[in-house]
Amino acid sequence: MGDASTEHSHGHHMDPAVEYSSSKLGMWLFLGTEILLFGGLFAAYAIFRAKYPEMFFEQHVELNKKMGAVNTCILIFSSLTMAMGVSAIQRGKQKVTAILILITILCGLGFGVVKYFEYSAKFHHHIYPDTSIFFSLYFLMTGLHMLHVFIGLTILSVLFVLTLKGKFTAKYSTPVEVGGLYWHLVDLIWIYLFPLLYLIG
Amino acid sequence: MANHTIAHNVYVPFLEKKGILSWILTTDHKRIGIMYLISISFFFLVAGVFALLMRYELLTPASDFVQPHTYNVLFTLHGSIMVFFFIVPGLAASFGNFLIPLMIGAPDVAFPKLNLGSYWIYLLGAAIVLIALAKPADTGWTFYTPYSATTDTDVVLITLGVFVLGFSSILTGLNFIVTIHKMRAPGMTWHRLPLFIWASYATAILQLLATPVVGITLLLLITERTLGVGFFDPAKGGDPVLFQNFFWFYSHPAVYIMIIPAMGVISEIIPVFARKPIFGYKAIAYSSLGIAFISFLVWAHHMFTSGISDIAATIFSFLTFLVAIPTAIKVFNWTATLYKGSIHLHSAMLYALAFIFLFTIGGLTGLFLGALAADIHLHDTYFVVAHMHYVMIGGTVMGFFGALHFWYPKWFGRMFNETVAKIAWLFIFIGFNVTFFPQFFLGVQGMPRRYATYPPQFESLMSLSTYGSWILGFGIFIMTLNLIAGLINGEKAPQNPYGSLSLEWQVPSPPPLENFEEIPHVTDWSYGYGKKK
């Protein structure tokens, strides 16, 4: 008993206000590293676009603008529901929060379904990551983003269950806020990917 | 709640609990620090053995001990294990973990569970690299394309291991930054922070900003080999030099991830054993940040012979010289601290003095390589090898050994044999110089690195270097034995054997589980030596 409670107190004796601001700072720093991770791909995009403008022009038309646009709307909407969820838990409304997180999760899944059809159409036309530099970039950038969507969905699912269990209140909403920040990053990166890959001619 | 009051009255050292689970499931920063310390020391010794094998091959001009391919594998493993598994996590993860909360007056780091997670990720990366040893890579630790994209050795697994390791590094850096921002004790203002904390802070920023870039670079190399992506393949319209740009954008700042914590260690050891306040506190503190900033602007100095434009090369050469300024600021301030001090030559102090001497040689020879014309001649020769090892062993490893001897009593609550420690230091110091100083001459005479054979006229210098490696290896062997013997039958360490003023010495040795009975109120910096209170 003695051991257990020492170990327990060891991890949890932070002042709640400090814990809140620490978690937020930690997540913002992490988001910075995520941007830098994608930064390598954005740099590669810039370099190869400058080198082969014709290739980018000819091949970007192969991408399905409509599906890309639908997915952009889905993700922006999901960011809205996530932000509303954070605001709801700050006012202590647990049920509303749970519903809003669930909608966010469904949007993320919807994004994945659309992306699945997009990828299969590409494979059907024998377009693969090694087809050209442009498609290498397309598959790697959207693929890495898709990986982040899955990570985001995992985080959201955990938050959903914990919200249902009543773990979060108006006084303690840190995980929802921090998870929300991550989801906004997933949305934000896509907002850059969509015009860079689908729209710019 | 009764336990709560007991915990505040009875001293329970953090090493008290026994059993494997109390280690692998611990969230105590001091234990996590020990686990890192054991892991990095293990990899240091393994990679050191690879180095001894390489040097043994180079005793004679012909490749008579191992085949050239085996030699290529040896330098690849020596380099990549030393860099990614020893020296990059190195001081930051081991001593950073142990010291940061103690020095700033905190009960632990900001995210203790994440801290443990970082260590597991480190182990996972290490496990992947161990699997990769089944068919070890022969690319050199830099994994340069196009060779790394085409060799039939296992490049994917080893780079994947390094990629995983990167996450450990990122999360540790993140944890430390938040800890230093949010967990300082009342009164521990930024300008009262021990200089090791400033150094750790600068290091953590580098870990955070640079590591994701090498992560994506290695991921691209993996997709190059697995998915047929062609970013670095000229046949597919890619550019192999792009890999070098990406790689060094991380790996040059990584050089400072390796050295800055050691600089922090030196800034702690010198004032204690000179019994003088550190000279130029703010200059040392901010020069760490200065080095961190400039380190992002110099990566292309590794590529002067890779066909970059003359203008780019000139600019990068100039920027490279700028690094010398904050670095020299530190060296001058340490020297000024020693001036008229009452110097006590404890073994930790000997390592600190060796650091100043050897690192200065390493730093100055770096300027030769940063100069365009000289670099054309010296690039990829033993001059580079010697320079790099003067910085990495003469700098970081001396700092690491110094830290080991300095904080050993605090960490483990025992003393080691000081006479043996001094003898080991002497062997290490002499052995190191005999190994690497001849390599400057070899390099100037044009001997290229990474060859298993060499022309007979280099034999005397080459074999001298090999003899030196034996002295160095012997010294490290004695040092290791001495430190292990101290753990088993060393005297019990007092709370503050050197009369140090910083916070970690104001708690018992080894520190209690919760670090401080009560969070201390800090009223002064920790360098007020030789003055009346």
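Relevant structure appears above.
Attention in this report is confined to the structure presented alongside it. (Residues numbered from 1 in each chain as written. Chains lettered and ligands numbered in written order. Predicted model: local features only at pLDDT ≥ 70, side-chain atom pairs only at ≥ 80, totals over all residues. Heavy atoms only, no water.)

## Structural notes on the overall build of chain B
So, step 1. Along chain B, the regular secondary structure elements total 17 helices and 0 strands.
So, step 2. Against the compact-globule benchmark of 24 Å for 533 residues, chain B has a radius of gyration of 23 Å, which places it among compact chains.
So, step 3. Summarising its shape, the C-alpha atoms of chain B cover approximately 70 × 50 × 45 Å along the three principal directions.
So, step 4. Counting across all 533 residues of chain B, residues that qualify as buried make up 61%.
So, step 5. Within chain B, contacts between residues separated by at least 24 positions form 82% of all contacts whose residues are at least 6 apart in sequence.
So, step 6. For chain B, the exposed area adds up to about 19600 Å²; of that, 72% sits on carbon and sulfur atoms.
So, step 7. The averaged location of the 23 negative side-chain charges in chain B is 13 Å from the averaged location of its 26 positive side-chain charges. (Helix = DSSP H or I, 4+ residues; strand = E, 2+ residues; numbered from the N terminus. Rg over C-alpha atoms; globule rule 2.2 N^0.38 Å. Buried < 20%, exposed > 50% of the residue type's maximum accessible area, 1.4 Å probe, protein only. Contact = heavy atoms within 4.5 Å. Areas by Shrake-Rupley, 256 points an atom, 1.4 Å probe, with all protein chains shown as cover. Lys, Arg positive; Asp, Glu negative; His and termini not counted. Charge placed at Lys NZ, Arg CZ, Asp CG, Glu CD.)

## Side note on the overall build of chain A
So, step 1. Counting its secondary structure elements, chain A contains 7 helices and 0 strands.
So, step 2. Secondary structure elements of chain A, listed N to C terminal, follow the sequence α-α-α-α-α-α-α.
So, step 3. With respect to the three principal axes, the spread of C-alpha positions in chain A is 65 × 30 × 25 Å.
So, step 4. The burial tally for chain A puts 47% of its 201 residues in the buried class.
So, step 5. When the accessible surface of chain A is split by element, carbon and sulfur atoms take 72% of a total near 9500 Å².
So, step 6. Taken as two groups, the 13 positive and 12 negative side-chain charges of chain A have centres that lie 11 Å from each other.

## Looking at the interface of chain A and chain B
So, step 1. Opposite the 37 residues of chain A that make contact, chain B presents 39 residues.
So, step 2. Regarding the contact of chain A and chain B, the summed buried area is about 3200 Å², with carbon and sulfur atoms giving 73% of it.
So, step 3. At the boundary of chain A with chain B, the tally comes to 0 salt bridges.
So, step 4. Where chain A touches chain B, the interface holds 2 residue pairs in polar contact (both at pLDDT 80 or more).
So, step 5. Elements with a contribution of two residues or more to the side of chain A that touches chain B: helix 1 (2-12), helix 2 (16-51) and helix 6 (133-164) of chain A.
So, step 6. Here the residues of the side of chain A that touches chain B are counted per class, giving 19 nonpolar, 14 polar and 4 charged. (Buried area = accessible area lost by both parts, 1.4 Å probe. Salt bridge = Lys/Arg side-chain N within 4 Å of Asp/Glu carboxyl O. Polar contact = N/O pair within 3.5 Å; in protein donor to acceptor, adjacent residues only side chain to side chain. Nonpolar A, V, L, I, M, F, W, Y, C, P; charged D, E, K, R; others polar.)

## Structural notes on helix 3 (residues 53-60) of chain A
Residues and elements named next belong to chain A.
So, step 1. Here helix 3 has its buried residues at Met55, Phe56, Gln59 and His60. The arc enclosing the buried residues of helix 3, seen along the axis, measures out at 110°, which places them on a common side.
So, step 2. Buried residues along helix 3 sit in contact with helix 2, helix 4 (65-90), helix 6 and helix 7 (174-199). (Arc of directions from axis to C-beta.)

## Structural notes on helix 6 (residues 112-132) of chain B
All names here are of chain B.
So, step 1. In this model, helix 6 (21 residues) spans 31 Å end to end at C-alpha, consistent with the 30 Å of a helix rising 1.5 Å per residue.
So, step 2. Burial in helix 6 covers these residues: Pro112, Asn115, Leu116, Ser118, Tyr119, Tyr122, Gly125, Ala126, Ile128, Val129 and Ala132.
So, step 3. In this fold, the buried residues of helix 6 make contact with helix 2 (21-24), helix 3 (29-57), helix 4 (68-87), helix 5 (90-104) and helix 8 (155-182). (Expected span 1.5 Å × (residues − 1).)

## Notes on the nonpolar core
So, step 1. Ranked by internal contacts, the top residues of the largest apolar core, which has 238 residues, are B:Phe95, B:Phe231, B:Trp334, B:Phe355 and B:Phe401.
So, step 2. A total of 22 residues in this core trace back to one element, the largest contributor, which is helix 10 (residues 240-274) of chain B.
So, step 3. With sequence-adjacent residues up to four places away left out, B:Phe231 is seen in contact with A:Leu41, A:Phe48, A:Ile133, A:Ser136, A:Leu137, A:Leu140, B:Leu220, B:Glu224, B:Gly238, B:Asp239 and B:Leu242. (Core = buried A, V, L, I, M, F, W, Y, C linked by side-chain atoms within 4.5 Å.)

## Some points on the pattern of salt bridges
Two side chains of opposite charge can pair, provided their charged atoms sit close to one another.
All names here are of chain A.
So, step 1. Scanning the model with the defined rule gives 5 salt bridges over all chains in all.
So, step 2. Between Lys24 and Glu177 there is a salt bridge, with its nearest N and O atoms 3.1 Å apart. Here Lys24 is found in helix 2, whereas its partner Glu177 is found in helix 7, with 153 residues between them in sequence.
So, step 3. On the basis of relative accessibility, which here comes to 25%, the residue Lys24 falls in the partly exposed class.
So, step 4. When the shortest N-O distance is used, the salt bridge between Lys115 and Glu118 registers 3.1 Å. Placement of the pair is Lys115 and Glu118 together in helix 5 (residues 94-124), with a separation of 3 residues, close to one helical turn. Accessibility assignment for this pair places Lys115 and Glu118 in one class, buried.

## Digging into the side chain of B:Glu57
All names here are of chain B.
So, step 1. Looking at the secondary structure, you find Glu57 in helix 3.
So, step 2. Nearest to the buried, unbridged Glu57 among oppositely charged side chains is Arg55, at 9.9 Å.
So, step 3. For Glu57, the contacting residues outside a window of four places in its chain are Ala62, Ser63, Asp64, Phe65, Val66, Tyr71 and Ala452.

## Some details on the packing of aromatic side chains
Both the distance between ring centres and the angle between the ring planes are used here to describe each pair of aromatic rings.
So, step 1. Considering all chains together, one arrives at 78 aromatic pairs over all chains under this definition.
So, step 2. A centroid spacing of 5.6 Å and a plane angle of 25° characterise the contact between A:Tyr119 and A:Phe139, whose relative ring orientation is stacked. Taken as a pair, A:Tyr119 in helix 5 and A:Phe139 in helix 6 lie far apart in primary sequence, 20 residues in all.
So, step 3. A:Tyr119 gets classed as buried once you look at its relative accessible area, which sits at 16%.
So, step 4. With relative accessibility at 10%, the residue A:Phe139 sits in the buried group.
So, step 5. Ring geometry for A:Phe135 and A:Tyr138: centres 6.3 Å apart, planes at 85°, overall edge-to-face. Linking A:Phe135 with A:Tyr138, this pair stays in helix 6, spanning 3 residues, or about one helical turn.
So, step 6. Judged by relative accessible area, which is 3%, A:Phe135 ranks as buried.
So, step 7. For A:Tyr138, a relative accessible area of 0% corresponds to the buried category.
So, step 8. The ring of B:Trp23 carries the charged tip of B:Arg31 above its face, separated from the ring centre by 4.4 Å. (Phe/Tyr/Trp six-rings, centres within 6.5 Å; stacked < 30°, edge-to-face > 60°. Lys NZ or Arg CZ within 6 Å of the ring centre and 35° of its normal.)

## Examining the packing of helix 9 (residues 195-226) of chain B against helix 11 (residues 281-294) of chain B
All names here are of chain B.
So, step 1. Helix 11 packs onto helix 9 with a crossing angle of 10° between their chain directions and a minimal axis gap of 9 Å. With respect to helix 11, the element helix 9 is oriented roughly parallel. Across the interface between the two elements, Leu195, Trp198, Ala199, Tyr201, Ala202, Ile205 and Leu206 of helix 9 pack against Tyr281, Ile284, Ala285, Tyr286, Ser288, Leu289 and Ala292 of helix 11. (Axes fitted to C-alpha atoms, helices over the stretch in contact; angles between N-to-C directions. Parallel < 35°, antiparallel > 145°, perpendicular 65-115°, else oblique.)

## Focus on the packing of helix 5 of chain A against helix 6 of chain A
Packed helices, taken two at a time, are described by the angle their axes make and the gap between the axes.
Residues and elements named next belong to chain A.
So, step 1. The N-to-C vectors of helix 5 and helix 6 enclose an angle of 155°; their axes lie 9 Å apart at closest approach. The angle between the axes of helix 5 and helix 6 places the two elements in the roughly antiparallel class. Taken as a pair, helix 5 and helix 6 cross one another with a handedness that is left-handed.
So, step 2. Of the residues assigned to the contact of helix 5 with helix 6, the class counts are 18 nonpolar, 10 polar and 3 charged. (Left-handed = near helix turned anticlockwise from the far one by under 90°.)

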